[in-house]
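Examining the three-dimensional arrangement
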Amino acid sequence: MNGVIVSGRHRIGKVFRFEAAHFLPDLPEGHQCARMHGHSYAVEFVLIGNRLVEPGFVTDFGDLAPVKKLIDSTLDHRVLNDVLPVAPTSENLAAWLAAWFVEHVEPSLPGRLASVRVSETASSWAEFALEER
């Protein structure tokens, strides 16, 4: 080391995958997304930490198991219109997952949720970024 001091925060991410269908009935007639269709979703949770906990983690990835349980029991191989309290857009799904995480998982973790990114396809995504907390 050359004695340079840097400051910042660590970030970690964990991706979960699931298959689901949805439709967006409020779109104009003829819009392809107004019809029932499916996606292979990828959802990435990004956590931040100002300090690391032993043995050098922001959060142990194993402590994110409740997210997998929620996805498997609530979202996987479902029609999202039937299980979400909001229109099943990627933007709304990201915000819904972030709120659920902050309420149900984050209180027991040393890291804090920074964002949730939902991808419906390999080339498109929507992200909900939490305000600085």
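Our subject is the structure listed above.
Now for a quick tour of the structure. (Residues numbered from 1 in each chain as written. Predicted model: local features only at pLDDT ≥ 70, side-chain atom pairs only at ≥ 80, totals over all residues. Heavy atoms only, no water.)

1. Focus: the pattern of salt bridges
Per the counting criterion, the structure on display carries 2 salt bridges. One salt bridge in this structure joins glutamate 127 and arginine 117, with 3.6 Å as the shortest N-O distance. A residue pair is termed long-range when its members are at least 10 positions apart, and glutamate 127 in strand S5 (residues 124–129) and arginine 117 in strand S4 (residues 112–121) qualify at 10 residues. Overall, glutamate 127 belongs to the partly exposed group, its relative accessible area being 38%. Judged by relative accessible area, arginine 117 falls into the partly exposed class, the value being 26%. (Salt bridge = Lys/Arg side-chain N within 4 Å of Asp/Glu carboxyl O. Helix = DSSP H or I, 4+ residues; strand = E, 2+ residues; numbered from the N terminus. Buried < 20%, exposed > 50% of the residue type's maximum accessible area, 1.4 Å probe, protein only.)

2. Description of the pairing of strand S2 (residues 37–49)
Burial analysis of S2 places 10 of its 13 residues in the buried class, which makes it a mostly covered element. In this sheet, S2 lies alongside strand S1 (residues 10–22) in antiparallel orientation, the contact comprising 13 bridges. Pairing of alanine 21 across the sheet is with glycine 38, part of S2. Both S2 and S4 contribute to a ladder of 7 bridges, which runs antiparallel. Bridge assignment links leucine 47 to a residue of S4, and that residue is leucine 113. (Pairing = 2+ DSSP bridges.)

3. Let's talk about helix H3 (residues 90–104)
In this model, H3 (15 residues) spans 21 Å end to end at C-alpha, consistent with the 21 Å of a helix rising 1.5 Å per residue. Along H3, the residues classified as buried are Ser90, Leu93, Ala94, Leu97, Ala98, Trp100 and Phe101. Taken around the axis of H3, the buried residues stretch over an arc of 165 degrees, which confines them to a single face. Turned more than 90 degrees away from the buried face of H3 sit Glu91 and Glu103, all of them exposed. For H3, the secondary structure elements touched by its buried residues are S1, S2, helix H1 (65–75), helix H2 (80–83), S4 and S5. (Expected span 1.5 Å × (residues − 1). Arc of directions from axis to C-beta. Contact = heavy atoms within 4.5 Å.)

4. A short note on the packing of H1 against H3
In the contact formed by H1 and H3, the axes pass within 11 Å of each other and the chain directions differ by 130 degrees. It follows that H1 is oblique to H3 by the angle criterion. In the packing of H1 onto H3, the handedness of the crossing is right-handed. In this structure, H1 contributes Pro66, Val67, Leu70, Thr74 and Leu75 to the contact, and H3 contributes Leu93, Trp96, Leu97, Trp100 and Phe101. Here the contact of H1 with H3 is composed, by residue class, of 9 nonpolar, 1 polar and no charged. (Axes fitted to C-alpha atoms, helices over the stretch in contact; angles between N-to-C directions. Parallel < 35°, antiparallel > 145°, perpendicular 65-115°, else oblique. Left-handed = near helix turned anticlockwise from the far one by under 90°. Nonpolar A, V, L, I, M, F, W, Y, C, P; charged D, E, K, R; others polar.)

5. Considering the pairing of S1
With 2 bridges connecting them, S1 and strand S3 (residues 78–79) associate as parallel partners. For alanine 21, the partnering residue across the bridge sits in S3 and is valine 79.

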